[in-house]
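What follows is the residue order along each chain.
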Amino acid sequence: MISNPDYEKDAGLVEWLKAVPYEVLRHGKLYNAEELYQGYKPSDDEAQDRASFANCYDSRVFQHFMAHGNIAAEVNESLARTFHDHGIHDAMKAFLATHDPKRCVGIMGGHAILRTDPMFSCVAMLSKRLTEEGFFMVSGGGPGAMEATHLGAWMAGRTDEEAQEAIDTLAAAATSYKDWAWLSSALDVMRRYPQNRYVSLGIPTWLYGHEPSTPFATHIAKYFVNSVREDTILTVAYGGIIFTPGSAGTLQEIFQEAVQNHYLSFGFSSPMIFMGKRFWAEDVPVYPMIQQMMEKGRYQNLLLTLTDEPSEIEKVLKDFQKTISNS
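In this report, the structure presented in the accompanying data block is examined. Computed from a predicted model, the values in this text were never measured in an experiment. (Residues numbered from 1 in each chain as written. Predicted model: local features only at pLDDT ≥ 70, side-chain atom pairs only at ≥ 80, totals over all residues. Heavy atoms only, no water.)

### A closer look at the side chain of Asp-85
Selection rule: To qualify as a helix, a DSSP run of H or I must reach at least 4 residues; to qualify as a strand, a run of E must reach at least 2; elements of each kind are numbered from the N terminus. Burial here depends on accessible area, computed with a 1.4 Å probe over protein chains only, as a share of the maximum for the residue type. Under 20% is buried, over 50% is exposed, and the range in between is partly exposed. By the counting rule applied here, Lys and Arg register as positive and Asp and Glu as negative, while His and the ends of each chain are not counted. Here, a salt bridge means any side-chain nitrogen of Lys or Arg that lies within 4 Å of a carboxyl oxygen of Asp or Glu. Here, two residues are considered to be in contact whenever any of their heavy atoms come within 4.5 Å of each other.
Within the element layout of this structure, Asp-85 appears in helix α6 (residues 75–97). Put simply, Asp-85 is tucked away with no salt bridge, and the nearest opposite charge, on Arg-81, sits 8.0 Å away. Here Asp-85 is in contact with Lys-222, Tyr-223, Phe-224 and Val-225, once residues within four sequence places are set aside.

### Section: the nonpolar core
Counted only if it meets this: For this analysis, a nonpolar core means a set of buried residues of the types Ala, Val, Leu, Ile, Met, Phe, Trp, Tyr and Cys, connected via side-chain atoms within 4.5 Å.
Met-92, Leu-151, Ile-203, Trp-206, Ile-242, Phe-274 and Trp-280 are the most contacted members of the largest nonpolar core, which has 88 residues in total. With seven residues, helix α7 (residues 118–132) is the largest single contributor of residues to this core. Contact partners of Ile-242, with chain neighbours within four places excluded, come to Val-105, Gly-106, Ile-107, Met-108, Leu-126, Leu-130, Ile-273, Met-275, Ile-313 and Leu-317.

### Section: the environment of Trp-206
Along the chain, Trp-206 turns up in the loop between β3 (200–202) and β4 (219–220). For Trp-206, a relative accessible area of 0% translates into the label buried. For Trp-206 and Asp-188, which are 18 residues apart along the polypeptide, the C-alpha to C-alpha distance reads 24 Å. Apart from the residues within four sequence positions on either side, Trp-206 is in contact with Tyr-31, Leu-36, Tyr-57, Asp-58, Val-61, Phe-62, Phe-65, His-84, Lys-222, Tyr-223 and Phe-224.

### Observations concerning the packing of aromatic side chains
Going by this rule: Note on aromatic pairs: the rings of Phe, Tyr and Trp (six-membered ring only in Trp) are paired at centre separations within 6.5 Å, and the planes decide the class, stacked below 30 degrees, edge-to-face beyond 60, tilted for the rest. Our definition puts a charge over a ring when NZ of Lys or CZ of Arg is within 6 Å of the ring centre and also within 35 degrees of the ring normal.
Taken as a whole and assessed by the stated rule, the structure comprises 16 aromatic pairs. Summarising the aromatic geometry, the rings of Tyr-31 and Tyr-57 are spaced 5.8 Å apart at their centres and angled 50° between planes, so their arrangement reads as tilted. Of this pair, Tyr-31 sits in the loop between α2 (13–19) and α3 (33–36) while Tyr-57 sits in helix α5 (residues 57–67), placing them 26 residues apart in sequence. Residues Tyr-31 and Tyr-57 agree in their burial class; the two are buried. The rings of Tyr-22, Tyr-31, Tyr-57, Phe-65, Trp-206 and Phe-224 are connected pair by pair, giving a single aromatic cluster. The ring centre of Phe-224 lies 5.7 Å from the NZ or CZ of Arg-81, which sits over that ring. Note that Arg-103 overlies the ring of Phe-135, its terminal NZ or CZ placed 4.4 Å from the centroid.

Structural data, given as structure tokens:
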């Protein structure tokens, strides 16, 4: 039962919802680069570019988010974020209703992978090929391996030479997301190579708002609550997940995905592909550990692959499509 003091305390709820710098009621709309970076005007002058970025929609929302806390202290702010994320969730459902989720493939990996790293190029080219083969790609929507995922999907339908040229252009302009020209160079490549045929889905969060969202994702589901966002990425990638070298966040995603597959949470188990034999078998030996747990019966139903070969990854994913289409 709500008392009079409660009414008085929340009397300003509507005004709060009107005043926040983000659209509380999304009405089934996902973001795109144009909306997320509304107000940003790239400049050859670093100071002007940074100032413009600081005033764009995405930055203003992040500043508001940080000012009111990762976990909002005010009930009005908590409700506003909940309404927003519910709208994003509804928009995701509408998006997936028009795209076969069993053809959705996720790529997980480190945000710190540089554009000059061979793994960046490898992920981009793999994503390009998978997109051309009828898959649609999903990632956490940030920099590093995530940016490479969506760059590859964006360049689908073009030649490998054009894709490599795009990668080289990005690397020459800014190697890391911490470099000021990271965003402007991505937008420049998008203008140079426009496309409206292929889609990809980025799912970032304002919890990691210091990592800019890649504009190469044609559809962006940006959440406030990271736990919902993390679970959503793993849930929608029914077609399988490729784990590229990463750190704590990637490790968390591996074990979350293993739980979903172990319990057949969605009626079947999807491929878990570890890209980088040395990294996953020696540097961060998660793969042999999971294998041992399977042998002991601690994990069941996992479909594991460890490889360095993009062609093997393609084969595993295509073979899985045959399996689920016949089931």
